[in-house]
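Notes for the structure review
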Amino acid sequence: MRSTTVAERRLYESVARATLKADRTLAPALMGLLERPEGKRVSELERLRTPPTKSAGTAMVRAMELRL
C-alpha cells in the first residue's frame, strides 16, 4: 500500500475543513465511506463508485448490435 503525498494530504485536509464548514455531520459520514467493513474486500465508497457489472468492449458492441 502506498503512502500519501504531501499534496494529497493537503487536499484531504482542505476537503475536511470545507465539509465541516458546510455540515458538521458530513465529514464523519464521508470518513465512514472510506472504511472497509470487516469481511469485505472494498470500502463502501469503492462499492458505490464502481458499476454493478463490468463489460468488455466486444460485449458492448455485441449488445448494441442486438438492439439495432
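Let me sum up the structure you'll find in this document. Just so it is clear, the structure is predicted and the values come from calculations on it, not from any experiment.

Along the protein chain, the regular secondary structure elements total 4 helices and 0 strands. Listed N to C, the secondary structure of the protein chain is α-α-α-α in terms of helices and strands. Taken over the C-alpha trace, the protein chain has a radius of gyration of 18 Å; the compact-globule value for 68 residues is 11 Å, which it surpasses by more than 25%. Across its three principal directions, the C-alpha atoms of the protein chain cover 50 × 30 × 25 Å. For the protein chain, with 68 residues in total, the buried portion stands at 6%. Counting every atom, the protein chain has about 6700 Å² of accessible surface; 60% of that belongs to carbon and sulfur. Positive and negative side-chain charges in the protein chain, numbering 14 and 8 respectively, have mean positions lying 3 Å apart.

So, about the pattern of salt bridges. Taken as a whole, this structure holds 2 salt bridges when the rule is applied. Put simply, Arg-47 and Glu-44 hold a salt bridge, and the shortest N to O gap is 2.6 Å. Of this pair, Arg-47 and Glu-44 both sit in helix α3 (residues 44-49), 3 residues apart, which is roughly one turn of that helix. Classification of Glu-44 as partly exposed rests on a relative accessible area of 29%.

Okay, a nonpolar patch on the surface next. A cluster of nonpolar residues, Leu-11, Tyr-12 and Val-15, forms a patch on the protein surface that exposes about 300 Å² of accessible area. Relative to the assigned elements, Leu-11 resides in helix α1 (residues 6-22).

Residue position: Glu-8 is located in helix α1. A polar atom in the side chain of Glu-8 sits 2.8 Å from the backbone nitrogen of Thr-5.

Our next topic: the environment of Ala-27. In this fold, Ala-27 is placed in helix α2 (residues 26-34). Remark: the alpha-carbon pair of Ala-27 and Val-6, spanning 21 residues in sequence, is separated by 20 Å. Discounting chain neighbours no more than four positions away, the residues touching Ala-27 are Thr-19 and Leu-20.

About the thresholds
- Note that residues are indexed from 1 along each chain, following the sequence as it is written.
- This being a predicted model, a pLDDT of at least 70 is required before a residue's local features are given, and a value of 80 or more before pairs of side-chain atoms are given or counted; all residues contribute to the totals for chains, interfaces and linings.
- Each side-chain value is derived from all of the structure's non-hydrogen atoms; neither hydrogens nor water enter the calculation.
- For helices the rule is a DSSP run of H or I covering at least 4 residues; for strands it is a run of E covering at least 2, with both sets numbered from the N terminus onward.
- Computation of the radius of gyration draws on C-alpha atoms, with the globule rule given as 2.2 Å multiplied by the number of residues to the power 0.38.
- For the exposure calls, accessible area comes from a 1.4 Å probe over protein chains only, and a residue counts as buried if that area is under 20% of its type's maximum, exposed if over 50%, partly exposed in between.
- Throughout, the Shrake-Rupley method with a 1.4 Å probe supplies accessible areas, and for residues the shown protein chains are the sole cover considered.
- For this count, His and the chain ends are skipped, Lys and Arg are scored as positive, and Asp and Glu as negative.
- Every charge is mapped onto a representative atom, which is NZ of Lys, CZ of Arg, CG of Asp or CD of Glu.
- Note on definitions: salt bridges are taken to be side-chain nitrogens of Lys or Arg within 4 Å of carboxyl oxygens of Asp or Glu.
- Residues enter patches when their relative accessible area tops 30% and they take part in no salt bridge; the joining distance is 9 Å for like charges and 5 Å for the nonpolar side chains Val, Leu, Ile, Met, Phe, Trp and Tyr.
- We define a polar contact as two N or O atoms separated by no more than 3.5 Å, with the added condition that, inside protein, one atom must be a possible hydrogen donor and the other a possible acceptor, whereas residues neighbouring each other in sequence contribute only through side-chain atom pairs.
- Should any heavy atoms of two residues lie within 4.5 Å, those residues are considered in contact.

Interpretation note: all reported values are geometric properties and have no functional meaning in isolation.
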